[in-house]
Structure formats: C-alpha cells, structure tokens
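Survey of secondary and tertiary structure
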Amino acid sequence: MPRAVRIVILLLVLAVLAGLVELPALRLRVSRLERPEQTEEVARREVIRPAEEARDAKKEKVPMYWLSETDPGQLAPVETPLALGTDPVERARAALEWLITGAPTPEQRPLPLDTTLLAFYLMDDGTAVADFSEALPHELPSGIATEQLALDAITRTLHAAVPQVRRLHILIDGHEAETLAGHVDLSGAFDLTLMGPATPAAPAAATPAAQPKPAGTIASQPSEPPVKAPAAEEKKIPAATKPRGGE
Amino acid sequence: MLFGGMGKKKSARTAGLAAIFVALAAFGSANPGAQAPMPPQSPGPPIHAPTTQQAPPPLFPPPSPIERPATPPPTTVILDPAHGGQDSGAHGDPAEEGAVEKDLVLAIALGMRRELERQGIRVVLTRQNDSAVSIDERAAVANALGAGYFVSLHVGSTGEANTAQAYSFGTPHGGAPPAFVPRPPGIEAVRWDDAQAGYLVASRRLAELVQVELAQKLPRSPDVPQFAEVRQLRVVAHPAVAIELSRVAEANPASLEKTAVPLATAMVKAIAAYRQASEGRP
Ligand SMILES: [Zn+2]
C-alpha cells in the first residue's frame, strides 16, 4: 500500500474514534433543546425539587401561612412536609419560595405567583433582608387587608421556618419601599421576636373549616377578645412591633 | 457588598431621623398638651421644638366641671381620602376598566364632609381633588391641628361587597407595643415616624366604637376592628383609624356615595361615645 493511502486510512480511523466520543454528547445537547418550554412556575419548582429529593429523608413539617380555603380574608397555616436543610439562609429561601408557589389552590396564594425572592441575607445578629421582585407590589391587589395578609404570610412563615431571624427588612427590587402596595408600612424592620412561638398548624391533608372571621385574623388562633371600650383602666393593647431608627 | 451599602444608608437615615426629633410635651392620653411632631427634614442636628409654640388643647382634660367652658370647642374630624394623582389605589382587573379607589374615596369624603358639617363638626380634608399628596404631607396637615380625629378612607380589593372594616395601627398578631428609640435624658421628644405611638390605645378604642357603628350601618360588616400596619396612621398624632370599604370591583360610584351619610353618622356616634368615655362629657 502506498504510504499516502496508509496515512489517509489512519486519519479516517482517528476521525471515527473522535466521532464516537463527540456524538453522544451532541445527542444529549440536542435532546435538551427539544424539551418542551417550561412555565415559570414549573421551572421555579424544579429549582427546589433536586434539593428536596436529595434530602428526602430529612423532611420536616413546616407551617405555610397560606390564605384559608374557606375564608380568603385570613391566613390558615398548613403543616407542609419540606426538606429545608440546616443552613438558615437556605431554609429561609426554600420556605419563602414554597410559600409563593406551593399553595394548594390559586385562591390560597397570599403573594402573587410571579413574585421572586431575589435575595435573602442573614446577619449574625439575627437581622435578615428579604429582597422581593417588583411583581410583589405590582401584582398584589392593593388594599389594607390584602397587603397586611401578604406581610403576615411572609413574617409568620419565616418565623416558623427560621427561628434565628429576629428582625426582617423587606426590600423591593433592591430598594427600600415606603409601603407594600400603597398601604402597609415597609420602612424599617419587622421584629419577629415579638411573635412568640410558631402557631401549631393544621395538617396538610385536611384543613378544618374554620368559622369565618373578620379579615386579618389567623384561623388556628382564637381571635383576640375585643377590648370592650370604653374600658375603665388603660389596657395595654398589642400594637406595632417595629423598632426604628437606632438600628 | 450589600451590607456595606446598607450600613451607609442606615447611618444616613439615623442622622436624618435624629434631625426630626421634635419636642412633645407629652405622649397622648397620659400627658395632656402634646405638641405635634414636625414633618421629616433634611439631616442635621436634632431640632428642639420652640418653647413658644402654642400647645394644643389637651386630649383628656382633667375632669374639673368648674373650669369647663360653657360651650365645648367643635370636634374636628380630619378626613383623608387616600391616594390621588398617579396613585389610583385599588382598581379592578384590568386597571383601565371600572372605578378606582382614589375617585371613590374622594367622593365619599366630600359627602361625609357635607353631613359632618351639617351636624356641627369641623372637617379638614387632606386632599380636595385628584392631586398627589404624600403620606407625610397628609400627616403634616393633621398634626398641625391641635386636636382632632383622623379617618383615612379606603376602598379595598377584597372582602364582601358593601361592608366596611376599621383598622387602628398595630400588628394583627399583637405582641408588645412598639419599641421606641430611647430619648436622651431631659428631651421630651418623639420621632415623626412614631407620631402614633402615644395614641395606640386611643385609636384602638375609637376603632372599636367605629366598627360597632359600621356593623349597624353596613350589614354583614365585622363586629370588631383589626390592627394593621397602615403607613398613613403611623405618622398621625391623633386618635386615628382607617376604614376600608369593600370592594373596588363591585363599586359603582353612585351607590358608594350613598355610604357617605351612614359613614359620617357612624363617626359622629363613635366620637361622641369616645369623648363620653374619655372625658366624662355627655
Ligand atoms: Zn387605599
């Protein structure tokens, strides 16, 4: 065989070998491209799922403060099995993301589905910063009742999932905001330590139908007894919990 | 990176907040003669309110029938039609269709003013047309008045149609009263942002009395008021409530304007009951 032909055959053999290595990788990439477009919601859940599956054995019951099935004017915590892990920041992220996306029905969502938790930081002193996307103020129905419910859903769920968080600053798209969507105060920090231990929540399977109560109350708690005015003595009224300024 | 930035922001804010320390003769009901805090100002040294400033009439005057004037001064109600200008407040879906909160609350406020004045009550509006008035500007109008009752009017996105819920400032889950910045010794001051601090109990009582009336005037309304962290109420140095009517989607302006008279009457009755309880005045 002439020398030139031998060289050509050798080159061809090398090309075939290279193809054997490259082709499977190429096929994998093509098959990835072919996968159907995901909805934003599905994509978001996909982000959470691998972590959940990896730690499947370590699932714990976490109360999710969604809107009550029977009365959308109040929150009704649902004990939800979640694998949140041990890192407080990861726990906070996962809990808040599940609060946004995991509600059993659209009517039970306290926050708009398009809301994204852009960032979550936790400092050593227990001060946390949660930065939500603009979808939160833009798509949340404006009003005192709706905004207070959204805020309570965030603070209560976070308080239950990550007890280390003592104070919470809420930012919108990286900026401090005066109000959530025109009504409820977002300036300063929310003091979560005044909330007390997390409320025992209803089991995930069956949320007991609670008696309809006025907006803004919590289903699993007895509504606070109305302080019958005019009371003779100056009674301490539970009120604002935002320490300001100095921090 | 973020924390460094925030630290800077915070120190700037603290400086700004220090600047808005203003003298207050007292905190609300406990000490009569409270002076209203001033609106936020640019950073600088703490400003002490001039001692020459006239103190407003006490919220709870001592019960001495001899010194009481023959005709008590007229009650002042500060009506706050929320939102306005670019801020439409709550709206239907889509936003372009149907009534919007800012128009509804203005119509209601104007109707309420007519009825309140007819009943001998002095009325101050925080806005009289579709203008943009900031939350602090509204509070400044209210806090400049000696004594009064502040009512922020809203039409919300949810709730049973044609019902009303009253709110006073506070968190729904209760907890302790607000932790305030310790005041330097010798300076009786309150920060602008904490103007409501001395009125939390008073506002809660007023809200209870208002809600009782609302439940009668607008059937199927709740019996008890709620706490909410309403930004507007936070900066008001008066007994202050927010009333949120339900709801903007069903609202037709003609029928909502009709609620102005019952709402005004509810306020008159609630304030009368409040004054009777707090001052022993019939
Ligand atoms: Zn409003």
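Everything numeric in this text was worked out from a predicted model, so none of it was measured. (Residues numbered from 1 in each chain as written. Chains lettered and ligands numbered in written order. Predicted model: local features only at pLDDT ≥ 70, side-chain atom pairs only at ≥ 80, totals over all residues. Heavy atoms only, no water.)

Description of the overall build of chain A
Selection rule: Only DSSP runs of H or I with at least four residues qualify as helices, and only runs of E with at least two residues qualify as strands; both kinds are numbered from the N terminus onward. With a 1.4 Å probe rolled over the protein chains alone, any residue whose accessible area is under 20% of its type maximum counts as buried; one over 50% counts as exposed, and the rest are partly exposed. Note on contacts: a residue pair is in contact if any heavy atoms of the two residues lie within 4.5 Å. Here the Shrake-Rupley method, with its probe set to 1.4 Å, supplies the accessible areas, and only the displayed protein chains count as covering residues.
Looking only at helices and strands, chain A features five helices and eight strands. The proportion of buried residues among the 247 residues of chain A is 47%. Contacts spanning at least 24 positions in sequence make up 65% of the contacts within chain A whose residues lie at least 6 apart. Accessible area of chain A: about 12,800 Å², with a carbon and sulfur share of 60%.

Some thoughts on the overall build of chain B
Within chain B, the secondary structure is distributed over seven helices and eight strands. Burial status across chain B gives 53% buried among its 282 residues. Residue pairs in contact within chain B that sit at least 24 positions apart in sequence constitute 81% of those at least 6 positions apart. Surface accessibility of chain B: about 12,100 Å² in total, with carbon and sulfur atoms responsible for 58%.

Topic: the nonpolar core
To keep it simple, the criterion reads: What makes a nonpolar core is a set of buried Ala, Val, Leu, Ile, Met, Phe, Trp, Tyr and Cys residues whose side-chain atoms join them at distances within 4.5 Å.
With 44 residues, the main nonpolar core has A:Phe120, A:Phe132, A:Leu158 and A:Ile170 as its most contacted residues. Elements with a minimum of two residues in this core: strand 1 (60-67), strand 2 (75-82), helix 3 (88-101), strand 3 (117-122), strand 4 (127-132), helix 5 (144-161) and strand 5 (167-172) of chain A. In this structure A:Leu158 touches A:Ala92, A:Leu96, A:Phe120, A:Val165, A:Leu168 and A:Leu192, once residues within four positions along its chain are discounted. Counting 40 residues, the second-largest nonpolar core is a separate cluster that includes B:Ala90, B:Ala207, B:Val210 and B:Met267.

Let's talk about the coordination of the zinc ion
Put simply, the test is: Distances define the donors: N, O and S atoms within 2.8 Å of the metal qualify, as do those within 3.2 Å of Na, K or Ca. Water is excluded, so some sites may look unfinished. Between 85 and 135 degrees for all angles marks four donors as tetrahedral; over 155 degrees for opposite donors together with 65 to 115 for all other angles marks four donors as square planar and six as octahedral; every other arrangement is irregular.
The protein atoms that coordinate the zinc ion are A:His183 (NE2), B:His83 (NE2), B:Glu101 (OE) and B:His154 (ND1), at distances of 1.9 to 2.1 Å. Around the zinc ion sit four donor atoms, and with donor-metal-donor angles ranging over 96 to 141° the site reads as irregular. One end of the pair, B:His83, is in the loop between strand 2 (76-81) and helix 2 (101-118); the other, B:His154, is in strand 4 (residues 149-155), and 71 residues separate them in sequence.

Focus: the confidence of the model for chain B
All names here are of chain B. For clarity, the threshold we go by: Every residue is assigned a pLDDT by the predictor, reflecting its confidence on a scale from 0 to 100.
Looking at chain B, pLDDT values average 77 and 65% of them are 70 or higher. At the level of individual helices and strands, chain B shows its lowest average pLDDT in strand 1 (residues 22-23), which scores 36, and its highest in strand 2, which scores 98. Confidence drops under pLDDT 50 across residues 1-36; counting only partners more than four residues distant or on other chains, this segment forms 88 contacts. Considering only residues more than four positions removed or in separate chains, one finds that residues 175-184, a stretch of pLDDT under 50, has 28 contacts. Confidence metrics for the complex model read pTM 0.70 and ipTM 0.74.

What about the packing of aromatic side chains?
All names here are of chain B. Definition in use: Aromatic pairing here means that ring centres of Phe, Tyr or Trp (its six-membered ring) are within 6.5 Å. Orientation follows from the plane angle: under 30 degrees is stacked, over 60 is edge-to-face, and everything else is tilted. Definition used: whenever NZ (Lys) or CZ (Arg) falls within 6 Å of the ring centre and also within 35 degrees of the ring normal, the charge is taken to sit over that ring.
What the rule picks out here adds up to one aromatic pair over all chains. Ring geometry for Tyr149 and Tyr274: centres 5.7 Å apart, planes at 85°, overall edge-to-face. One end of the pair, Tyr149, is in strand 4; the other, Tyr274, is in helix 7 (residues 260-279), with 125 residues separating them in the sequence. On the basis of relative accessibility, which here comes to 3%, the residue Tyr274 falls in the buried class. Residue placement shows Arg204 over the ring face of Phe227; its charged tip is 4.4 Å from the ring centre.

Re unusual backbone geometry
All names here are of chain B. Between Ser246 and Arg247 the backbone carries a cis peptide bond, its omega angle lying at -15°. Relative to the helices and strands, Arg247 is located in the loop between strand 8 (240-245) and helix 6 (253-257). A positive phi angle, near 60°, is found at Asn162, a position not held by glycine. Tracing the backbone through its elements, the reader meets Asn162 in the loop between strand 4 and strand 5 (164-169). In this structure, Arg220 takes a positive phi of about 75° despite not being glycine. The exposed category is assigned to Arg220, whose relative accessible area is 57%.

Considering the sheet that holds strand 5 of chain B
Residue and element names in this part refer to chain B. For clarity, the cut-off: Any two strands with at least two DSSP-identified bridges between them are counted as paired. Here an angle of 0 to 180 degrees is reported between the N-to-C directions of two axes, which are lines fitted to C-alpha atoms, with helices fitted over the stretch in contact.
An order of 3-2-4-8-5-7 is seen for the six strands of this open sheet, with the pairing classed as mixed. Looking at the sheet topology across the chains shown, the edges are occupied by strand 3 (122-125) and strand 7 (226-228). Across the sheet, the mean angle from the axis of one strand to that of its neighbour is 30°, orientation sign disregarded. As defined by bridge partners, strand 4 adjoins strand 8 across six bridges and the pair is classed as parallel. Within the sheet, the bridge partner assigned to His154 lies in strand 8 and is Glu244. Running at roughly 175° to strand 5, helix 4 (residues 200-217) makes contact with strand 4, strand 5, strand 7 and strand 8 of the sheet. Contacts from helix 7 reach strand 2, strand 4 and strand 8, with the element oriented near 150° to strand 4.

Structural notes on helix 3 of chain A
Residues and elements named next belong to chain A. Put simply, the rule reads: Multiplying 1.5 Å by the helix residue count minus one yields the expected span of that helix.
Helix length check: helix 3 (14 residues) gives 20 Å between terminal C-alpha atoms against 20 Å at 1.5 Å per residue, within 8%. Extensive coverage of helix 3 is indicated by the burial of ten of its 14 residues. Turning to helix 3, its buried residues number three or more, namely Arg91, Ala92, Ala94, Ala95, Leu96, Glu97, Trp98, Leu99, Ile100 and Thr101.

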